[in-house]
Amino acid sequence: MTLSIRPLTPVFAGEVTGIDCRRPLDPEEVTAIEDGMDRYAVLVFREQPLTDEEQIAFTRHFGELESYGTPGHIRHHEEQRLGPGINDFSNLDRHGNIMSADDRVWFFKLGDRLWHSDSSFRPVPAKYSLLSGRVLPSWGANTEFADMRAAYDALDARAKAEIADLVCEHSLLYSREAIGFTGLTPEEIKAFAPVRHPLVRIHPKSGRKSLFLAAHAGAIVGWTIPEARMFLRDLTEHATQREFVYSHKWRVGDLVVWDNRATMHRARRFDRNEVRDVRRTTLAGEPVIALSTAARSLAAQALP
Ligand SMILES: [Fe+2]
C-alpha cells in the first residue's frame, strides 16, 4: 500500500488512502501524514475500525497525549465511561445509556456545536485532535471544519493591521454562557478561569498565519466586552464562510484528524434519541506563537 492524499476542498482538508491506522507506522508514513497535516490541516482516514488502544497507539506517533490536572468538562472522573487517554464525545452516560435531555453534562456538550478550537481555554492549547466514529445516528451529526489560515489570508490589509497586536481571553465559561448554560458550580467556575492567547497565531511548522478564534474567546484585552464580542462574532462569521469550510459526513470506522492550530470546528445537530459514539484522542500542543511582540508580551501577562 502506498500512502496518498487527495484534496477534499479547493483550500484544505484531504482524504488519506493506503494506510492501516491499526498497525505501527514506519517513519516515512509518520512524516507523510505530518506533512499532509501541515498542508491540509484536516485529514480523513476511511475504514479504520479502531479499538481505544489502537487509537491511542496511532495518536502517539505524532506526539504526547494532552494531559491536564484541571478538568476541561464538568463530568467527574468516576462518571467516565471510557478509560484513560481517550475522551468520550458520545451522548452516553457511564452505563451506556443515552443521556437525558436535562442532564447538565448534555447541556455542556451542546456547547461543542459552536465553532471552536480544542483546548483554546488551556494555557497551552491542543495540537491535533483525532476523532473516531464508532456508532453514528441516522441523520445529521456532521463535523464541520473551517480553515483559519485561509480566513486570515482573505482579510484586507486594514483588518490584518487592526488584529496584529490583539489578545483574547478564552474560557469554557464564555462558550457555555453563549448557549444559555450558566448552571456551573463555584468550583467549576474557578477551574474554568480565562487564559490569554494572541488573536493571530503562527503555525510552528508551516509558518502560516491564522486567526485563533473560538467560542471560548469572550474578551479582548483592553476592549469593552460588548465591542469585543461583536468583533469576535464578525471575525467568526468571516472565517466560517462556505469557501473556508469542509463538512464531514461520518461513516462508521472514519478517523478524522485536525490541527487545532490552524482550524476551528463544530459538531452539528442529530436526533438525541439515537446513539452517537465518537471518541477523541488529543495531542498536547506548544505555547501559541504570536504574530507580534506586543501580543506576545500582553498574552504572557497574568490575568488581573
Ligand atoms: Fe471540539
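For clarity, every value in this text was computed on a predicted model and none was experimentally measured.

**Student:** I'm lost on unusual backbone geometry in this one. Help?
**Tutor:** Glycine aside, negative phi is the norm for most residues, and most peptide bonds take the trans geometry. In this structure, alanine 41 is a non-glycine residue whose phi angle is positive, near 70 degrees. Mapped onto the fold, alanine 41 is located in the loop between helix 1 (27–40) and strand 3 (42–45). Its identity is not glycine, yet serine 119 carries a phi of approximately 65 degrees, on the positive side. Its place among the elements puts serine 119 in the loop between helix 3 (104–110) and strand 5 (126–135).

**Student:** Honestly, the coordination of the iron ion in this entry has me stumped. Any pointers?
**Tutor:** A four-donor tetrahedral metal ideally has 109.5 degree angles, and a six-donor octahedral metal ideally has angles of 90 or 180 degrees. Looking at the iron ion, one finds its protein donor set to be His116 (NE2), Asp118 (OD) and His265 (NE2), positioned 2.1 to 2.2 Å from the metal centre. Along the chain, the residues that donate to the iron ion are spaced as H-x1-D-x146-H. A residue pair is termed long-range when its members are at least 10 positions apart, and histidine 116 in the loop between helix 3 and strand 5 and histidine 265 in strand 14 (residues 263–267) qualify at 149 residues. Histidine 265 shares its class with histidine 116; the two are buried.

**Student:** Teacher, can you tell me more about the side chain of threonine 59 here?
**Tutor:** Relative to the helices and strands, threonine 59 resides in helix 2 (residues 52–59). Once residues within four sequence positions are removed from consideration, threonine 59 is found in contact with Leu65, Leu130, Thr281 and Leu283.

**Student:** Honestly, the pairing of strand 14 in this entry has me stumped. Any pointers?
**Tutor:** If a strand is regular, its side chains alternate between the two faces of the sheet. The buried count for strand 14 comes to five of five residues, which makes it a mostly enclosed element. Here strand 14 shows two buried faces, one formed by Thr263, His265 and Ala267 and the other by Met264 and Arg266. Across five bridges, the pairing between strand 6 (residues 143–147) and strand 14 is antiparallel. Its bridge partner being in strand 14, threonine 143 is matched across the sheet by alanine 267.

**Student:** When you look at the pairing of strand 1 (residues 4–7) in this model, what are you seeing that I'm missing?
**Tutor:** Both strand 1 and strand 2 (residues 14–17) contribute to a ladder of four bridges, which runs antiparallel. Paired with serine 4 across the bridge in strand 2 is threonine 17. Two successive antiparallel strands, strand 1 and strand 2, enclose a turn made up of six residues, where alanine 13 displays a positive phi of approximately 70 degrees.

**Student:** Can you help me understand the pattern of salt bridges in this one?
**Tutor:** Opposite charge on two side chains permits pairing when their charged atoms draw close. Evaluated as defined, the whole model comprises 23 salt bridges. Arginine 261 is paired through a salt bridge with glutamate 286; the nearest N and O atoms lie 3.1 Å apart. One end of the pair, arginine 261, is in the loop between strand 13 (255–259) and strand 14; the other, glutamate 286, is in the loop between strand 15 (277–284) and helix 9 (293–300), and 25 residues separate them in sequence. Across the salt bridge formed by arginine 279 and aspartate 277, the nearest N and O atoms sit 2.9 Å from each other. Judged by its relative accessible area of 5%, aspartate 277 is buried. A cluster of three or more residues bridged by salt bridges with shared partners is formed by Asp52, Arg81, Asp88, Arg134, Asp277 and Arg279.

**Student:** Before we go on, may I ask you to explain the environment of arginine 23 in this structure?
**Tutor:** Within the fold, arginine 23 resides in the loop between strand 2 and helix 1. Between the C-alpha atom of arginine 23 and that of glutamate 54, which follows or precedes it by 31 residues, the distance is 7.8 Å. A polar contact is formed between the side chain of arginine 23 and the side chain of glutamate 29, at a distance of 2.9 Å.

**Student:** Just to check I follow, could you spell out the nonpolar core for this structure?
**Tutor:** Inside soluble globular proteins, nonpolar side chains tend to come together where they are buried. One finds Ile163, Leu199, Leu211 and Leu213 to be the most contacted residues of the largest nonpolar core, which totals 25 residues. Sorting the residues of this core by element identifies helix 4 (148–153), helix 5 (157–163), strand 11 (217–220) and helix 8 (225–239) as the ones contributing at least two each. Broken down by element, the residue count for this core peaks at five residues, all from helix 8. Excluding residues within four positions of it along the chain, isoleucine 163 makes contact with Tyr152, Leu155, Leu199, Val200, Leu211, Phe231 and Leu235. Counting 19 residues, the second largest nonpolar core, distinct from the first, contains Tyr40, Phe45, Leu130 and Leu283.

**Student:** Sorry if this is basic, but what is going on with the packing of aromatic side chains here?
**Tutor:** The description of two aromatic rings rests on the distance between their centres and on the angle between their planes. Going through the model one piece at a time under the given rule, you end up with ten aromatic pairs. Each ring, one from phenylalanine 145 and one from tryptophan 258, has its centre 5.2 Å from the other, and the planes form 50 degrees; the classification is tilted. Of this pair, phenylalanine 145 sits in strand 6 while tryptophan 258 sits in strand 13, and the two are 113 residues apart along the sequence. We classify phenylalanine 145 as buried; its relative accessible area is 0%. Judged by relative accessible area, which is 2%, tryptophan 258 ranks as buried.

**Student:** Explain the sheet that holds strand 7 (residues 167–170) to me, please; I cannot follow it from the model alone.
**Tutor:** For sheets, the rule is that strands pair by backbone hydrogen bonds, running either parallel or antiparallel. Across the sheet, which stays open at both edges, the three strands sit in the order 8-7-11 with antiparallel pairing between neighbours. For this open sheet the edge positions go to strand 8 (195–198) and strand 11, each flanked by a neighbour on one side alone. Pairs of neighbouring strands in the sheet enclose a mean axial angle of 35 degrees, with direction left out of account. In the sheet, strand 7 pairs with strand 11 via three bridges, with the strands oriented antiparallel.

Conventions used here
- Residues numbered from 1 in each chain as written.
- Predicted model: local features only at pLDDT ≥ 70, side-chain atom pairs only at ≥ 80, totals over all residues.
- Heavy atoms only, no water.
- Helix = DSSP H or I, 4+ residues; strand = E, 2+ residues; numbered from the N terminus.
- Donors = N, O, S within 2.8 Å, 3.2 Å for Na, K, Ca; no water.
- Buried < 20%, exposed > 50% of the residue type's maximum accessible area, 1.4 Å probe, protein only.
- Contact = heavy atoms within 4.5 Å.
- Pairing = 2+ DSSP bridges.
- Salt bridge = Lys/Arg side-chain N within 4 Å of Asp/Glu carboxyl O.
- Polar contact = N/O pair within 3.5 Å; in protein donor to acceptor, adjacent residues only side chain to side chain.
- Core = buried A, V, L, I, M, F, W, Y, C linked by side-chain atoms within 4.5 Å.
- Phe/Tyr/Trp six-rings, centres within 6.5 Å; stacked < 30°, edge-to-face > 60°.
- Axes fitted to C-alpha atoms, helices over the stretch in contact; angles between N-to-C directions.

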